[in-house]
Amino acid sequence: MQHISTNIISDFEFHDACFKLEALEGAVLTISAEHVNIHKNTEQNPCDTDMEIETAKITFQNFRVLSFKSGGGWIEDSNGNRYEVPQVIFEGKAAEEKLLHQLQEEITVFWLGTSENGKFGLEGMGDEPWFEVQFLFDAATIQWDSYKDIAWYEKAPFKK
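Residues numbered from 1 in each chain as written. Predicted model: local features only at pLDDT ≥ 70, side-chain atom pairs only at ≥ 80, totals over all residues. Heavy atoms only, no water.

Draft legend 1. Summary view of the overall build of the protein chain. Within the protein chain one finds one helix and 16 strands. Taken over the C-alpha atoms alone, the protein chain extends approximately 55 × 45 × 30 Å along its principal axes. Split into buried and exposed, the 160 residues of the protein chain put 41% on the buried side. By sequence separation, contacts in the protein chain at least 24 residues apart represent 61% of the contacts at least 6 residues apart. Summed over all atoms, the accessible surface of the protein chain reaches about 9000 Å², with 48% contributed by carbon and sulfur. The positive charge centre, built from 13 side chains, and the negative charge centre, built from 28, are 2 Å apart in the protein chain. (Helix = DSSP H or I, 4+ residues; strand = E, 2+ residues; numbered from the N terminus. Buried < 20%, exposed > 50% of the residue type's maximum accessible area, 1.4 Å probe, protein only. Contact = heavy atoms within 4.5 Å. Areas by Shrake-Rupley, 256 points an atom, 1.4 Å probe, with all protein chains shown as cover. Lys, Arg positive; Asp, Glu negative; His and termini not counted. Charge placed at Lys NZ, Arg CZ, Asp CG, Glu CD.)

And the structure:
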């Protein structure tokens, strides 16, 4: 791959990115990602604006899932009655299995970054209408060959 960024997750925006599992070999998680944006003024972006990457490969070394929180919110039945859906929290191996299931089909990422407690977090949707994952890793590498377009939020009507 032409461009490689290691351990600088903050150079990227993941809102509305699509992640799909490529492989999990031991504790090495590899995903393909579309709609990932890289910030302007970063080493890997020569442009004057945030740019969308064509397709990225993201590899996490020594990847560990700590928790997977799903559910929450409200559903409405055919009679218009609303019911609260309780949140369910999985930990350890069960949390990893829940995340891998989501990634096998493809997930849409709402947020990925460092949480308040210093762990990494991801919020998204897949088969689950919403879920949140906390995880750790020792190294993250993002690789890509080309840029697709200016980032969606840099275009009108989003840019202010």
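Draft legend 2. Molecular detail of the sheet that holds strand β13 (residues 120-125). An order of β1-β15-β7-β4-β3-β12-β13-β14-β8-β11 is seen for the 10 strands of this open sheet, with the pairing classed as antiparallel. Each having just a single partner strand, β1 (3-6) and β11 (87-91) make up the two edges of the open sheet. For this sheet, the mean inter-axis angle between neighbouring strands, taken without regard to orientation, is 25 degrees. Alignment of strand β8 (residues 64-71) against strand β14 (residues 131-136), held across six bridges, turns out to be antiparallel. Its bridge partner being in β14, Arg-64 is matched across the sheet by Leu-136. Sheet contacts for helix α1 (residues 92-105): β3 (17-25), β4 (28-34), β8, β11, β12 (107-114) and β14; angle to β8, the most-contacted strand, approximately 70 degrees. (Pairing = 2+ DSSP bridges. Axes fitted to C-alpha atoms, helices over the stretch in contact; angles between N-to-C directions.)

Draft legend 3. Structural view of the environment of Trp-111. With respect to the helices and strands, Trp-111 occurs in strand β12. When its relative accessible area of 33% is taken as the criterion, Trp-111 is described as partly exposed. In sequence terms Trp-111 and Leu-122 are 11 residues apart; their C-alpha atoms lie 5.5 Å from each other. Setting aside anything within four residues of it in sequence, one finds Trp-111 in contact with Gly-121, Leu-122 and Glu-123.

Draft legend 4. Highlighting the side chain of Glu-52. For Glu-52, the position within the fold is in strand β6 (residues 51-53). Judged by relative accessible area, Glu-52 falls into the buried class, the value being 10%. Excluding anything up to four places from it in sequence, Glu-52 contacts His-35, Val-36, Asn-37, Tyr-147, Lys-148, Asp-149, Ile-150 and Ala-151.

Draft legend 5. Structural context of the nonpolar core. Phe-14, Phe-19, Phe-60 and Phe-135 are the most contacted members of the largest nonpolar core, which totals 35 residues. Ignoring any residue separated from it by four or fewer positions in sequence, one finds Phe-60 in contact with Ala-27, Val-28, Leu-29, Ile-31, Phe-135, Phe-137, Ala-139 and Ala-140. (Core = buried A, V, L, I, M, F, W, Y, C linked by side-chain atoms within 4.5 Å.)

Draft legend 6. Highlighting the sheet that holds strand β16 (residues 147-150). Spatially, β2-β5-β6-β16 is the arrangement adopted by the four strands of the open sheet, whose pairing is antiparallel. The open sheet is flanked by β2 (12-13) and β16, the only strands paired with a single partner. Pairing of β6 with β16 involves three bridges; the strand directions are antiparallel. Looking at β16, one finds that Glu-52 is bridged to Asp-149.

Draft legend 7. Layout of unusual backbone geometry. Positive phi outside glycine occurs at Asn-7, with the angle close to 60 degrees. In this structure, Asn-7 sits in the loop between β1 and β2. In this structure, Asp-16 takes a positive phi of about 75 degrees despite not being glycine. Examined against the element boundaries, Asp-16 turns out to sit in the loop between β2 and β3.

Everything listed here is a matter of geometry and, on its own, says nothing about what the molecule does.
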